[in-house]
Amino acid sequence: YALNSLVGEDKQRLIGSHEGPANQIASFPAGDRIVTVGADKIMKIWAMPDGRLQREIDVDAVDSSVEGLYSVAVSPDGKWLATGSDEVLLWNAESGDLMLTLHVDMLHVDTDPVFVGSVVFSGDGKRIFAKSDALSVQVWDSTPIRRLF
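Residues numbered from 1 in each chain as written. Predicted model: local features only at pLDDT ≥ 70, side-chain atom pairs only at ≥ 80, totals over all residues. Heavy atoms only, no water.

## Re the overall build of the protein
Part 1 of the argument: Assigned secondary structure in the protein consists of 2 helices and 12 strands.
Part 2 of the argument: Secondary structure of the protein in N-to-C order comes out as α-β-β-β-β-α-β-β-β-β-β-β-β-β.
Part 3 of the argument: Within the protein, the fraction of its 149 residues that count as buried is 42%.
Part 4 of the argument: Sequence-distant contacts, at least 24 apart, represent 39% of the contacts inside the protein between residues at least 6 apart. (Helix = DSSP H or I, 4+ residues; strand = E, 2+ residues; numbered from the N terminus. Buried < 20%, exposed > 50% of the residue type's maximum accessible area, 1.4 Å probe, protein only. Contact = heavy atoms within 4.5 Å.)

So this is what it looks like as structure tokens:
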């Protein structure tokens with residue numbers, strides 16, 4: 001509703017979908033692309049404003065241990081993507097290549113697996129934050145990558 005009131009008319013339209021739930025969406029800083037992730041282990045990059053699918057990355061083909069994708073973030077410079085599953089995966093936003101896996105040591109409140117429900121870059125791009133569904137937060141310094149806590 002708030003967006004509709006800002007643009008003055010209803011601009012809603014469907015651009016695409018995932019096989020199963022689409023879990024999260026993030027916008028590139030320039031506003032020219034968005035990225036979505038889903039339970040289908042697919043990351044999709046869409047051109048804006050036309051909604052054309054630019055790239056589809058089957059994460060299962062790259063890392064078959066990934067259970068699903070629950071969160072996604074775009075770095076402030078638009079060069080990196082971070083996805084959250086049971087680990088944080090860092091991707092080159094242009095090539096779609098997996099660059100690094102950040103292992104997550106989350107506190108477990110029971111025997112159920114814990115997943116990264118939220119991942120975000122700091123505003124200056126120097127830190128990556130991951131929050132699990134089990135009340136844990138981890139922080140990495142991204143220059144160079146090292147876990148802070």
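Picking up where we left off.
## Notes on the nonpolar core
Part 1 of the argument: Among the nonpolar cores identified, the biggest contains 16 residues, and Phe-28, Val-35, Met-43, Val-59, Leu-81 and Trp-91 are the most heavily contacted of them.
Part 2 of the argument: Counting residues per element, the ones that place at least two in this core are β2 (33-38), β3 (42-47), β5 (71-74) and β7 (88-92).
Part 3 of the argument: Among residues more than four places away in sequence, those in contact with Trp-91 are Met-43, Ile-57, Val-59, Val-62, Lys-79, Trp-80, Leu-81, Thr-83, Gly-96, Asp-97, Leu-98 and Met-99.
Part 4 of the argument: Of all hydrophobic cores here, the second largest spans 12 residues; its members include Leu-90, Val-116, Val-119 and Phe-121. (Core = buried A, V, L, I, M, F, W, Y, C linked by side-chain atoms within 4.5 Å.)

## Some words on the side chain of Thr-83
Part 1 of the argument: Along the chain, the position of Thr-83 falls in strand β6 (residues 80-84).
Part 2 of the argument: The exposure class assigned to Thr-83 is buried, which follows from its relative accessible area of 0%.
Part 3 of the argument: Within polar-contact distance, the side chain of Thr-83 engages the side chain of Trp-91 at 3.0 Å.
Part 4 of the argument: Those residues in contact with Thr-83 that lie beyond four places of it in its chain are Val-37, Met-43, Leu-69, Ser-71, Val-72, Val-88, Leu-89, Trp-91 and Val-119. (Polar contact = N/O pair within 3.5 Å; in protein donor to acceptor, adjacent residues only side chain to side chain.)

## Brief notes about the sheet that holds strand β1 (residues 22-27)
Neighbouring strands of a sheet are bound in pairs by backbone hydrogen bonds; such pairs are parallel or else antiparallel.
Part 1 of the argument: Ordered by their spatial adjacency, 4 strands build an open sheet running β1-β2-β3-β4, and the pairing between neighbours is antiparallel. Of all strands in the sheet, those with a lone pairing partner are β1 and β4 (53-58), marking the two edges. Recorded for the sheet is a direction-independent mean angle of 15 degrees between the axes of neighbouring strands.
Part 2 of the argument: Where β2 meets β3, 5 bridges bridge the pair, whose relative direction is antiparallel. Within β3, the position partnered with Val-35 by the bridge is Ile-45. (Pairing = 2+ DSSP bridges. Axes fitted to C-alpha atoms, helices over the stretch in contact; angles between N-to-C directions.)

## Looking at the environment of Asp-124
Part 1 of the argument: Note that Asp-124 resides in the loop between β9 (116-121) and β10 (127-132).
Part 2 of the argument: C-alpha separation for the pair Asp-124 and Ser-75, spaced 49 residues apart in sequence, amounts to 8.6 Å.
Part 3 of the argument: Within the structure, Asp-124 has its side chain in polar contact with the side chain of Ser-122 (distance 2.6 Å).
Part 4 of the argument: Side-chain polar atoms of Asp-124 contact the backbone nitrogen of Lys-126, separated by 3.0 Å.

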